[in-house]
Amino acid sequence: MTKLKKNIVPHLWFDKEAAEAAKFYTSIFPESNMTNSTTLNDTPSGDANLVSFELWGQRFMAISAGPYFQFNPSISFTVNFDPSREANAREKLEKVWNKLSEGGSELMPLDKYPFSEMYGWIQDKYGVSWQLILTNPDGEERPAILPSLMFVGEVCGKAEEAVDFYVSTFKSTNWGQIYRYPEGMELDKEGTVMFSDFMLLDHWFTAMDSAMDHDFQFNEAISFMVYCDTQEEIDDYWDKLSAVPESEQCGWLKDKFGVSWQIVPREMDEMMNNSTAEQINRLNQATLKMKKLDLAELKKVYKG
């Protein structure tokens, strides 16, 4: 499977289980491995463990930083098992489903549906949600794992508006497929998005509306790290995306739909992976004092 350049990376916020969860996930999915582990000292949550890992071509970061945010199904991860690319795709799907089910809860049972011969939605023992699907081998090729956004509550019905906004904001973008709810659905309004997919910076996402009575919404438990090459790029994304001033902190922002993003310089990631403990601490302390990240200042701090 072709590896994508790291431009957008899902970031998972755990209380204490980031390393444990990463080890669990990399034991389940094909072609998966841990890539880095770092401890950030003296954060507002105390010492925080930051881990990087890759699952079947999709890169992730996770942090253990206290019980402040809870995972929920508003952001999940769709996992495509494509019979045209994977031998024994059905058997592999069932194996992954069984492992994710251990200590988890079923949101939609693994079964045959009008849109797939085999599909199920599971929330694992850590609270992260996964949609496993046996894909149509005649359909358009997509990556094995895609972040999936579900627009509920106050933002239900805004999935199409949100995708238009993201496609207009990011580079290397593209609308993919879109399917709308038909007339006569019990709760969902005709014409709103039943399923869509789109590409940002060469990374695929999916989005849908759901008018069911959900008791959750987007939060910081899952955010998306956007890697930038220049300060101008950081400024541009920050200005276009940030819509909640009180959420601006340490490179984090929240957009007008409630989705959280981290706008980070690519160089900072490289510095964190090739640093002494003292350099990491200096970078961390400098970052904690910033809202939008200042690349020049971070480079200065790194060099001491």
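The following paragraphs examine the structure supplied in this document.

Section: the nonpolar core
Moving on, step 1. Counting residues in each nonpolar core, the largest one holds 66 residues, and the members touching the most others are Tyr-25, Trp-130, Tyr-166 and Trp-261.
Moving on, step 2. Contacts of Tyr-25, omitting those with residues within four sequence positions, involve Phe-14, Phe-53, Leu-55, Leu-100, Asp-124, Tyr-126, Val-128 and Trp-130.
Moving on, step 3. Grouped together as the second largest cluster of nonpolar side chains are 24 residues, Trp-13, Met-225, Cys-250 and Met-271 included.

Some words on the side chain of Thr-135
Moving on, step 1. Relative to the helices and strands, Thr-135 is located in the loop between strand S8 (129-134) and strand S9 (145-151).
Moving on, step 2. Those residues in contact with Thr-135 that lie beyond four places of it in its chain are Asn-80, Phe-81, Asp-82 and Pro-83.

Brief notes about the sheet that holds strand S3 (residues 46-55)
Moving on, step 1. Ordered by their spatial adjacency, 7 strands build an open sheet running S2-S3-S4-S1-S13-S15-S14, and the pairing between neighbours is mixed. Each edge of the open sheet is held by one strand with a lone partner, namely strand S2 (33-43) and strand S14 (252-254). Going across the sheet, the axis of each strand differs from the next one's by a mean of 25 degrees, ignoring polarity.
Moving on, step 2. Bridge count between S2 and S3: 8 bridges; the pairing is antiparallel. For Thr-39, the partnering residue across the bridge sits in S3 and is Asn-49.

Things to note about the packing of helix H1 (residues 18-28) against helix H2 (residues 89-101)
Moving on, step 1. Between H1 and H2, the least distance of the axes is 10 Å, while the angle of their chain directions is 160 degrees. When the axes of H1 and H2 are compared, the pair comes out roughly antiparallel. Every pair of crossing elements has a handedness; the one defined by H1 and H2 is right-handed. In contact with Phe-24, Tyr-25, Ser-27 and Ile-28 of H1, H2 contributes Val-96, Lys-99 and Leu-100.

Quick notes on helix H6 (residues 277-288)
Moving on, step 1. Relative to the 16 Å expected for 12 residues at 1.5 Å per residue, H6 spans 17 Å between its end C-alpha atoms, a close match to the ideal helical length.
Moving on, step 2. Considering only its buried residues, H6 is in contact with S2, helix H5 (266-273) and helix H7 (295-303).

Parameters at a glance
- Residues numbered from 1 in each chain as written.
- Predicted model: local features only at pLDDT ≥ 70, side-chain atom pairs only at ≥ 80, totals over all residues.
- Heavy atoms only, no water.
- Core = buried A, V, L, I, M, F, W, Y, C linked by side-chain atoms within 4.5 Å.
- Buried < 20%, exposed > 50% of the residue type's maximum accessible area, 1.4 Å probe, protein only.
- Contact = heavy atoms within 4.5 Å.
- Helix = DSSP H or I, 4+ residues; strand = E, 2+ residues; numbered from the N terminus.
- Pairing = 2+ DSSP bridges.
- Axes fitted to C-alpha atoms, helices over the stretch in contact; angles between N-to-C directions.
- Parallel < 35°, antiparallel > 145°, perpendicular 65-115°, else oblique.
- Left-handed = near helix turned anticlockwise from the far one by under 90°.
- Expected span 1.5 Å × (residues − 1).

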